Amino acid sequence: MSQDSYLLHKFKPERQDVAKGILARQRLVVSDCVGVKGYVTGIGIPAWSDDNEPSKFDAQVVQTIMQSGCRLIGKAQVDDFGTSISGTNPFLARLANPFSSERRLGGSSSGAALAINKGAATLAIGNDCCGGVIIPAAYNGLYAYRASPELLDMRGIATVSPSFDAVGIMSKQLPPLHQIAEKCWTKPLRPVKFKNVKYASSLFQDLLPIEAMLEWEVFFSTLKIPREDVATFSKLMLTQAQNIHSVILGREIDFEYGQWLDHYKPKISEETAEYIKRIRGKSFKEFVETKKKREFFTNTFQGLLSSGELLMIPTSPGPAAEHDAFDLDTFLINQRRLYAIAEVAGLPQLTLPLLTVDGMPMGISLIALPGEDRLLFDTAERWFI
């Protein structure tokens with residue numbers, strides 16, 4: 001693998017639209033699904049890019065960032081089709097987790113995570129549908145943020161599922177991530193006073209392997225943050241979220257890409273192909289009924305929090321799994337359950353690289369009520385760094 005094979009397009013020289021600005025010291029990489037003028041906005045499948053014209057404009061978030069002096073280093077590889085959480089793409093370079101080549105890199109914004117880890121970029125943007133930014137950040141020791149619905153402009157970013165698409169941003173440091181988020185928010189957010197963290201203890205106990213749980217308990221015992229144990233938060237609620245997510249995702253993939261997939265039959269990775277096959281083909285009636293279930297789930301879930309409260313959950317069911325782990329299927333199911341919470345309930349999420357387990361990083365997430373995104377950053381900066 002060449003030194004920068006994680007980049008599909010490397011800009012030489014790096015693009016800088018404005019010579020000076022508050023972001024002049026930052027270097028941005030965008031996932032292939034993010035529009036950049038003069039380049040096709042891809043979905044990780046070359047045949048799709050071959051059939052589409054280069055973008056005439058930058059994605060809206062890219063425009064906003066570039067107007068503040070940031071340098072754009074290029075477009076990074078994504079997993080095939082944007083629903084994969086593996087970090088692999090059968091059409092492109094084989095990328096490796098920098099902490100262990102035997103572990104999954106995480107996707108879909110796998111190349112962007114590597115660009116930051118290797119120091120080529122300080123910031124990355126991708127589509128966080130199916131945990132596309134949150135997951136690779138958690139597996140690679142990075143911070144990542146998923147915004148409240150419509151708080152970051154999705155225009156110019158390839159859709160996976162309109163119901164769950166969201167701009168995701170990742171960085172090795174929290175302050176520049178916070179700075180970029182505030183710069184790109186589409187509306188001002190009211191200040192919210194922090195009350196406490198609701199700790200979903202049952203999820204940690206049920207999902208984490210014993211070695212991860214031991215590391216977490218040691219770390220958690222040192223935290224002085226005000227918190228309340230929510231032992232009633234169960235895997236049943238996760239399963240409900242994941243079932244809702246898969247029905248809506250499958251129907252919207254059919255609508256957006258179904259005809260193209262059926263016509264070209266691209267040879268996508270086995271894991272991605274199996275997942276897409278499982279979720280596609282839902283009836284319109286089931287789609288409508290599931291939309292109603294989503295509304296009920298959202299109201300119920302948001303009712304667990306009051307203004308100023310945050311929910312704490314594991315970002316993933318442990319550190320990145322080994323490629324041939326005997327319990328990989330269980331790991332993947334639980335990973336999809338975890339990312340479904342914020343996506344189905346329409347909540348902002350911030351993952352923090354708080355743990356190291358057997359040399360591998362692991363993320364812990366804070367989730368807030370819609371529009372209380374600033375509270376995520378303020379709380380993390382006060383209590384966790």
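Right, let's walk through the structure included here. (Residues numbered from 1 in each chain as written. Predicted model: local features only at pLDDT ≥ 70, side-chain atom pairs only at ≥ 80, totals over all residues. Heavy atoms only, no water.)

**Description of the pattern of salt bridges**
Then step 1. The final tally for this structure, using the stated rule, is 16 salt bridges.
Then step 2. Among the salt bridges present, the one from Glu 14 reaches Arg 71, with a minimum N-O distance of 3.5 Å. Taken together, the residues Glu 14 in strand E1 (residues 7–15) and Arg 71 in strand E3 (residues 71–76) connect sequence positions 57 residues apart.
Then step 3. With a relative accessible area of 25%, Glu 14 lands in the partly exposed category.
Then step 4. Here Arg 146 makes a salt bridge to Glu 343, at a shortest N to O gap of 3.7 Å. Of this pair, Arg 146 sits in strand E5 (residues 143–146) while Glu 343 sits in helix H11 (residues 328–345), and the two are 197 residues apart along the sequence. One exposure class covers both Arg 146 and Glu 343, and it is buried. (Salt bridge = Lys/Arg side-chain N within 4 Å of Asp/Glu carboxyl O. Helix = DSSP H or I, 4+ residues; strand = E, 2+ residues; numbered from the N terminus. Buried < 20%, exposed > 50% of the residue type's maximum accessible area, 1.4 Å probe, protein only.)

**Overview of the nonpolar core**
The nonpolar side chains of a soluble globular protein tend to be buried, and buried together.
Then step 1. Counting 114 residues, the largest nonpolar core has Tyr 145, Phe 233 and Met 312 as its most contacted members.
Then step 2. Setting aside its immediate chain neighbours within four residues, Met 312 contacts Val 197, Lys 198, Tyr 199, Ala 200, Phe 204, Trp 216, Phe 220, Ile 364, Ser 365, Leu 366 and Phe 384.
Then step 3. Formed by 21 residues, the second largest nonpolar core is a distinct cluster that contains Leu 105, Leu 114, Ala 120 and Ala 144. (Core = buried A, V, L, I, M, F, W, Y, C linked by side-chain atoms within 4.5 Å. Contact = heavy atoms within 4.5 Å.)

**A word on a negative patch on the surface**
Then step 1. Residues Glu 270, Glu 274, Asp 327 and Asp 329 make up a contiguous surface patch of negative charge.
Then step 2. As for its position among the elements, Glu 270 is in helix H9 (residues 270–279). (Patch = residues over 30% accessible without salt bridge, like charges linked within 9 Å, V, L, I, M, F, W, Y side chains within 5 Å. Areas by Shrake-Rupley, 256 points an atom, 1.4 Å probe, with all protein chains shown as cover. Lys, Arg positive; Asp, Glu negative; His and termini not counted. Charge placed at Lys NZ, Arg CZ, Asp CG, Glu CD.)

Everything listed here is a matter of geometry and, on its own, says nothing about what the molecule does.
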